[in-house]
Amino acid sequence: MSALTRARTWLDERFHWADLVGPLKKKTVPVHRLSYWYFLGGITLFLFIIQVCTGILLLLYYRPGANEAFESVQYIMTRVQFGWLVRSIHSWAANLMILTAFAHMFSVVFLRAYRKPRELTWLSGMVLLFLALGFGFSGYLLPWNTLAFFATKVGTEITGQVPVVGRHLMIFLRGGEDVTGATLTRFFGFHVAVLPGLTTLFVLIHLALVQYFGMSVPPGVEARWKTSPQEARQMKFFPNFFLRELMAWYIALGVLGALAAILPWELGTKADPFAPAPAGIRPEWYFMFMFQTLKKIPAKLWFVDGEVVGILVFGAAGLVWMLLPFFDKAGGGRGRKFIMGAGVFALAYIIAMTFYGYAAK
Amino acid sequence: MDPPLQVTEQQFASDIHAQKGLTCASCHGGDPTKADMDAMSKAAGFRGKIDRKNVPELCGRCHSDPAFMRQYNPSLRTDQLSQYKTSVHGRLFAKGDTKVAVCIDCHGVHGLRPASDTRSSVHPLNIAQTCSRCHADANYMKGYGIPTDQFAKYGASVHHDALTVRGDLSAPTCTTCHGNHGAAPPGVDSVQNVCSKCHVFQDQMFEKSTHKAAFQSAGLPGCVVCHSNHGIAHPTDEKLGGGPQAVCMQCHTPGDFCDQQRAAMLNGLKKLDDAVQAADKVLSVAESSGMEVSQARLDQDQARDALTKARVTIHSFKPALVEQDVQEGVKIAAKNLQAGQTALSERDYRRKGLGLSLVFIFITVLGLFLYIRQLESHAPKA
Amino acid sequence: MKTEEPGRIQPLRRRMVEMLLGGGLFASIVSAIYPVLRYLVPPPVADLGGDEIVAAKVGDLKPNSSKIVRFGTRPALLLMTSEGEYRALSAVCTHLSCTVQYRNDLHQVWCACHNGMYDLNGRNISGPPPRPLEVYQVHVRGDEIVISRKREA
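Residues numbered from 1 in each chain as written. Chains lettered and ligands numbered in written order. Predicted model: local features only at pLDDT ≥ 70, side-chain atom pairs only at ≥ 80, totals over all residues.

A short note on the overall build of chain A
Looking only at helices and strands, chain A features 14 helices and four strands. A compact globule built from 361 residues should have a C-alpha radius of gyration of about 21 Å, and chain A, at 23 Å, falls within 12% of that. Its C-alpha atoms put chain A at 70 × 55 × 40 Å along the principal axes. For chain A, the residues scored as buried account for 33% of the 361 residues in total. Across chain A, contacts joining residues at least 24 apart in sequence account for 75% of those joining residues at least 6 apart. (Helix = DSSP H or I, 4+ residues; strand = E, 2+ residues; numbered from the N terminus. Rg over C-alpha atoms; globule rule 2.2 N^0.38 Å. Buried ≥ 20, exposed ≤ 12 C-beta atoms within 10 Å, placed from the backbone. Contact = placed C-beta atoms within 7 Å.)

This is the structure we're talking about:
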């Protein structure tokens, strides 16, 4: 008996290993023209794993605290062997992860994978997106450089504009009235403990749900397969889809390495809270569309503060977006059309406002 | 208020004298306890409008009295009047010239503020403007035989720039070099002393140089010959050159020993300047490729300091000394250039490493692709 | 190309693909693990250069003498007074950022650029400098003289 078989028997006698692994072996993935979109979720997961690994490595040398943070990142970039690589990969993978998360979300909308029974998968995915944005916002401050300091100042200032709870929320985020070393400590805590814990939980929930329901098939393909069942094609997850997924992950790894070595992430200058804000403060690209929108809203609409209106509108839009699956069956075909329309509008708006934000500088 | 009166109670309220408790009667005399016209009684010492020729003595009544001034500000000087008498203004005034400046012309009269107040006409930032009221007025200054372009020239100078743009209140204005109450142009022999109050090293080197004796015997006023007095521009290396800005060649003959010394010093400066710029360029390229060179960037400051030092050493007019400073700077700049080049070769090493790992990744991806094809070519998908 | 029965790939082709894949996997994994392993080894210089440095050893400085050291990104002045006490100040003149020096004839800190003077507590006492020099803490630890800055909140 080979070692592998012996190990399997050992596990089976204790955990009914064969029963646990059995469904996984039988898992299949639908094969059709749009199958490639299935990779996006996995790539996002891969990038998250990269983040956890490089994040742990960075933790070995990073020192939180206004007087040491910048110097420690500089130390990592210049003195630690391959520190520049680990840090640049961490920064690039963060941005790529958010990009693929957005792409994954929009592919789910346009391929209608949110439909019953997968509503909770959608909701858990939305929570994961917000957690990813939280990772991005908290992590951006950690090198304690000028751009990050002022971007955090502006970002938390906007949070303060939320009606009723805004001010308390802002003080909670900042650890005080202003952005100080206390903010850095707090963001560090969020970034390495709170957010990873929550994300792990929700990733497990999300994956479990995906496993449970299997891969969704786009409605057009579904209809065709119903009429001609012989056209339906499935691929075994192990090893066929898994190998393909591995290919995709390797390509993503190659892209990451290339970006880290050719376009290394810059360090900037150490934050000085008493210096005036430099020109051209802007948030990271994934917040740009919101930032640009708020900038363009006039200072006062009727009697309400322009920024507050913007925040409320985004809040409402976010809520509608989260509840998208529940509109699907509404009003016959109208619910569906509404969701499609909302998806197209959201995508176009985000892209347009992001470019606008950069072009306007 | 009646039209002839030039000041209101409100205006006077901003005056430092009013704030210290003085009234109109303190200077104009009269009896403030009486109402109406009775207050302006000659018997009570009413002077009416003070004549210009009485102003210095009137102000001096209090301001030259240490015992009196002590009750208001013990550290305030009380020699302004005696100083004034030594000044060009004071001497002409004593001869009966009433066009010259008296106390109120510079300090104001009814809205007088202390010199430390930024609104005061004698605050460092405002002094040049105040002096220019007469000294830049060609018509007013007719007959005195001095130029009226000082204010215009000063306005373009590096000292004015330091004062108004950089906000450096230690930068010189008119009174710094000419004195305030004892205002007089420094004599030819003392210009160097005035400049040397701040520019210590240049003065020390010049003192020990050959030019000191030469200038003295020619009756030339030290620093001013090369740097001018009011329109002092930021000096460039061109001053040592052969072009329109060259100062050496105003006296020296082309080709003589001094000309050669000049050329040697200029070459030294150029060498260091080039070295600093070369290092800066490489460091820029390294930085924009993402390499961390902040230490070398910082050390460039030291190289630039050496260049500044070399430019000061020019005033010794000894190329050997200049060369010492140049060498020091060149050494530092060379080290920084080296650091930049090391950073660039490290960058290239990284890119090669990346290339290699990309090759491995590509092989793996290709392997996966072929393996999948193989797997699925002979077995139908589940 | 030979026609194959389904289920029989040339063993050589199969072996080559497997070796390609295996080799690629191995090489790529090694090229990922290698930097990580190197990364885990701490560099020889542990000092961040942020808040604290060893400026000198006891005995390096005689009374009434000084030394310029790099502290973080800027120079600092370590001096020993005539009474044998250590002082540490920022060596960046507050006027135009020239590097100051200790004058052992005047027992004061002097800036050569425009004749600015500071006392041994960093206070600007004459000349153009508008602000005092930043004062650092000095401690003697064993035979090391350590200069440190106060920590921010």
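Remarks on the packing of helix 4 (residues 69–78) of chain A against helix 5 (residues 83–110) of chain A
Residues and elements named next belong to chain A. Running from N to C, helix 4 and helix 5 cross one another at 115 degrees; their axes reach a closest spacing of 5 Å. The segment helix 4 lies against helix 5, with Val73, Ile76 and Met77 engaging Gly83, Trp84 and Arg87. Per-class residue counts for the contact of helix 4 with helix 5 are four nonpolar, one polar and one charged. (Axes fitted to C-alpha atoms, helices over the stretch in contact; angles between N-to-C directions. Nonpolar A, V, L, I, M, F, W, Y, C, P; charged D, E, K, R; others polar.)

As for unusual backbone geometry
Glycine aside, negative phi is the norm for most residues, and most peptide bonds take the trans geometry. Residues and elements named next belong to chain A. Pro117 follows Lys116 through a cis peptide bond whose omega is 5 degrees. Relative to the elements of secondary structure, Pro117 occurs in the loop between helix 5 and helix 6 (119–141). Across the junction of Phe238 and Pro239, the peptide omega takes the value -5 degrees, indicating a cis bond. By the element assignment, Pro239 lies in helix 11 (residues 237–262). In this model, Phe82 sits at a positive phi of 65 degrees, which is unusual for a non-glycine residue.

Looking at helix 12 (residues 285–296) of chain A
Residue and element names in this part refer to chain A. With 12 residues, helix 12 should reach 16 Å at 1.5 Å per residue; the first-to-last C-alpha distance of 17 Å fits that figure. Listed as buried for helix 12 are Tyr286, Phe287, Phe289, Phe291 and Gln292. At its buried positions, helix 12 is contacted by helix 5, helix 6 and helix 14 (333–360). (Expected span 1.5 Å × (residues − 1).)

Points about the domain arrangement of chain A
Residue and element names in this part refer to chain A. Taken domain by domain, chain A consists of domain 1 (36–156 + 170–214 + 234–281) and domain 2 (282–361). Spacing between the C-alpha centres of domain 1 and domain 2 amounts to 22 Å. Elements with a contribution of two residues or more to the side of domain 1 that touches domain 2: helix 5, helix 6 and helix 7 (146–159). Among the elements that make up the side of domain 1 that touches domain 2, the one with the highest residue count is helix 6 (seven residues). When grouped by side-chain class, the residues that make up the side of domain 1 that touches domain 2 number 12 nonpolar, three polar and two charged. (Domains from an automatic or database assignment.)

Re the sheet that holds strand 1 (residues 52–57) of chain C
Residues and elements named next belong to chain C. Strand order across the open sheet formed by six strands is 1-10-9-4-3-2, with antiparallel pairing between neighbours. Each edge of the sheet is formed by a strand with only one pairing partner; in this case those strands are strand 1 and strand 2 (65–71). Within this sheet the neighbouring strands show an average axis-to-axis angle of 30 degrees, counted without direction. With five bridges joining them, strand 9 (residues 135–141) and strand 10 (residues 144–148) adopt antiparallel strand pairing. Across the sheet, the residue bridging to His139 is Val146, located in strand 10. (Pairing = 2+ DSSP bridges.)

Brief notes about the interface of chain A and chain B
The interface is formed by 26 residues belonging to chain A together with 18 residues belonging to chain B. For the side of chain A that touches chain B, the elements supplying multiple residues, two or more each, are helix 4, strand 2 (234–236) and helix 11 of chain A. Among the elements that make up the side of chain A that touches chain B, the one with the highest residue count is helix 11 of chain A (14 residues). Partitioned by chemical class, the residues of the side of chain A that touches chain B number 15 nonpolar, seven polar and four charged.

A word on the domain arrangement of chain C
In terms of domains, chain C is made up of domain 1 (1–41) and domain 2 (52–148). Each of domain 1 of chain C and domain 2 of chain C has a C-alpha centre, and these two points are 63 Å apart.

Observations concerning the sheet that holds strand 6 (residues 108–111) of chain C
Residues and elements named next belong to chain C. The antiparallel open sheet is built from four strands, whose spatial order is 5-6-7-8. Both edges of this open sheet fall to strand 5 (101–103) and strand 8 (124–126), since each of them pairs with a single strand only. Taking the axes of each pair of neighbouring strands and ignoring which way they run, one obtains an average angle of 40 degrees across the sheet. Pairing of strand 6 with strand 7 (residues 116–118), which is carried by three bridges, proceeds in the antiparallel orientation.

What to know about the pairing of strand 6 of chain C
All names here are of chain C. The alternating pattern of strand 6 places Val109 and Cys111 on a buried face and Gln108 and Trp110 on a face that is not buried. Summarising the sheet, strand 5 and strand 6 pair through three bridges and their orientation is antiparallel. Across the sheet, the residue bridging to Arg103 is Gln108, located in strand 6. The antiparallel pairing of strand 5 with strand 6 creates a hairpin that spans four residues between the two strands, and His107 there sits at a positive phi of about 55 degrees. Count of turn residues in the strand 6/strand 7 antiparallel hairpin: four residues, of which Asn115 carries a positive phi of about 70 degrees.

Overview of the nonpolar core
In this structure, Leu47, Ile89, Ala93, Met97, Trp144 and Leu256 of chain A are the most contacted members of the largest nonpolar core, which totals 78 residues. Sequence-distant contacts of Met97 of chain A, that is, excluding residues within four places in its chain, are made with Thr44, Leu47, Phe48, Gln51 and Ala132 of chain A. Counting 28 residues, the second-largest nonpolar core is a separate cluster that includes Met265, Leu272, Ala310 and Val330 of chain B. (Core = buried A, V, L, I, M, F, W, Y, C linked by C-beta atoms within 7 Å.)

Topic: the environment of Gly241 of chain B
Residues and elements named next belong to chain B. Residue placement: Gly241 occurs in the loop between helix 16 (224–227) and helix 17 (257–288). Distance from Gly241 to Thr148, taken between C-alpha atoms, is 31 Å for residues 93 residues apart in sequence. Those residues in contact with Gly241, other than ones at most four positions away along the chain, are Ala246 and Leu266.

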